[in-house]
Amino acid sequence: LQEQTLRRFEVVAVDDASADAGAAWLAAWVSSRDGSAWPRWRLVRMSHQVGVAKALDTGVRLARAPLIARMDADDVAHPDRLRRQLLYLHEHPRVGAVGAAVEVFHSDGAEGAGLTKVQQSVL
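Here the residue numbers are simple positions, counted from 1 along each chain's written sequence. Reporting of local features is limited, given that this is a predicted model, to residues whose pLDDT is at least 70; pairs of side-chain atoms are given and counted only at 80 or more, and all residues count toward the totals for whole chains, interfaces and linings. Side-chain metrics rest on all non-hydrogen atoms present in the structure, leaving aside hydrogens and water.

Visitor: Teacher, can you tell me more about the overall build of the protein chain here?
Guide: When helices and strands are counted, the protein chain shows three helices and two strands. Going along the chain from the N terminus, every DSSP run of H or I of four or more residues is numbered as a helix, and every run of E of two or more is numbered as a strand. For the protein chain, the succession of helices and strands along the chain, N to C, is β-α-β-α-α. Burial classes follow relative accessibility: with a 1.4 Å probe on protein chains only, a residue under 20% of its type's maximum area counts as buried, one over 50% as exposed, and anything between as partly exposed. The 123 residues of the protein chain split such that 19% are buried. Counting contacts in the protein chain only where the partners sit at least 6 residues apart, residues at least 24 apart contribute 55% of the total. Working note: accessible area of the protein chain is about 9,500 Å², and carbon and sulfur atoms make up 55% of it. Contacts are assigned to residue pairs with any non-hydrogen atoms lying within 4.5 Å of each other. Throughout, the Shrake-Rupley method with a 1.4 Å probe supplies accessible areas, and for residues the shown protein chains are the sole cover considered.

Following this line, the structure appears as structure tokens:
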């Protein structure tokens, strides 16, 4: 997300009481940044595991922005994703939700036999 071409956005990262060091890493990363140079990043830690639906609901409730873009911790966004989706919504005011194409890649970042492309469509 730090590479997004759209610079004004908020990140509400909800840690569903994970057992790994991901939340600690994100907290350290956010605190090491100059707050004036980075979008608003907030880490919310759940006291116990509540599941993906309730964790998502918590993030939506705490978000201050009028639009929500959802990602999982292991997702990687194209640098122009947020800007393009926002532009599409502004140009098509009757549209209430947008999605994105997906590319699956191996955990080492290599593409190849495991690569899956999903066709773009408009409902």
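What follows picks up the thread again.
Visitor: Honestly, helix α3 (residues 81–91) in this entry has me stumped. Any pointers?
Guide: Think of an α-helix as 3.6 residues a turn; residues three or four steps apart then line up on the same face. Within the sequence span of α3, burial applies to R81, L82, Q85 and L89. Along the axis of α3, the buried residues cluster in a sector spanning 90°; they form a single face. More than 90 degrees from the buried face of α3, the exposed residues found are R84, H90 and E91. Throughout, the arc means that of the directions going from the helix axis to the C-beta atoms.

Visitor: What should I look at first to understand the pattern of salt bridges in this one?
Guide: Two side chains with opposite charge may pair up if their charged atoms get near one another. Salt-bridge detection follows one rule: a side-chain nitrogen of Lys or Arg within 4 Å of a carboxyl oxygen of Asp or Glu. Taken as a whole and assessed by the stated rule, the structure comprises five salt bridges. E10 is the partner of R64 in a salt bridge, and the nearest nitrogen-oxygen pair spans 3.8 Å. Of this pair, R64 sits in the loop between α2 (52–62) and α3 while E10 is found in strand β1 (residues 10–15), placing the two residues 54 residues apart along the sequence. One salt bridge connects D80 with R83, and the closest N-O pair in it is separated by 2.8 Å. Among the residues examined, R83 registers a relative accessible area of 35% and is labelled partly exposed. One salt-bridge network, held together by shared partners, links E10, R42 and R64.

Visitor: Got a minute to help me understand the confidence of the model for the protein chain in this structure?
Guide: Detailed reading of predicted coordinates is not advised where the pLDDT is low. Confidence scores labelled pLDDT are given residue by residue by the predictor and lie between 0 and 100. Residues of the protein chain with pLDDT of at least 70 account for 79%, and the chain-wide mean is 81. Here helix α1 (residues 22–31) stands out as the least confident element of the protein chain, with mean pLDDT 80; α2 is the most confident, with 94.

Visitor: Where do I start with the side chain of D16 in this structure?
Guide: Residue position: D16 is located in the loop between β1 and α1. In this tally, Asp and Glu contribute negative charge and Lys and Arg positive charge; neither His nor the terminal groups of the chain are included. Look at D16: it is buried, it has no salt bridge, and the nearest opposite charge is K54 at 9.8 Å. Under the rule applied, a polar contact is a pair of N or O atoms within 3.5 Å (in protein, one hydrogen donor and one hydrogen acceptor; residues adjacent in sequence only if both atoms are side-chain atoms). From its side chain, D16 meets the backbone nitrogen of G51 in a polar contact 2.9 Å long. If we skip the residues at most four places from it in the chain, D16 touches M46, H48, Q49, V50, G51, V52 and A55.

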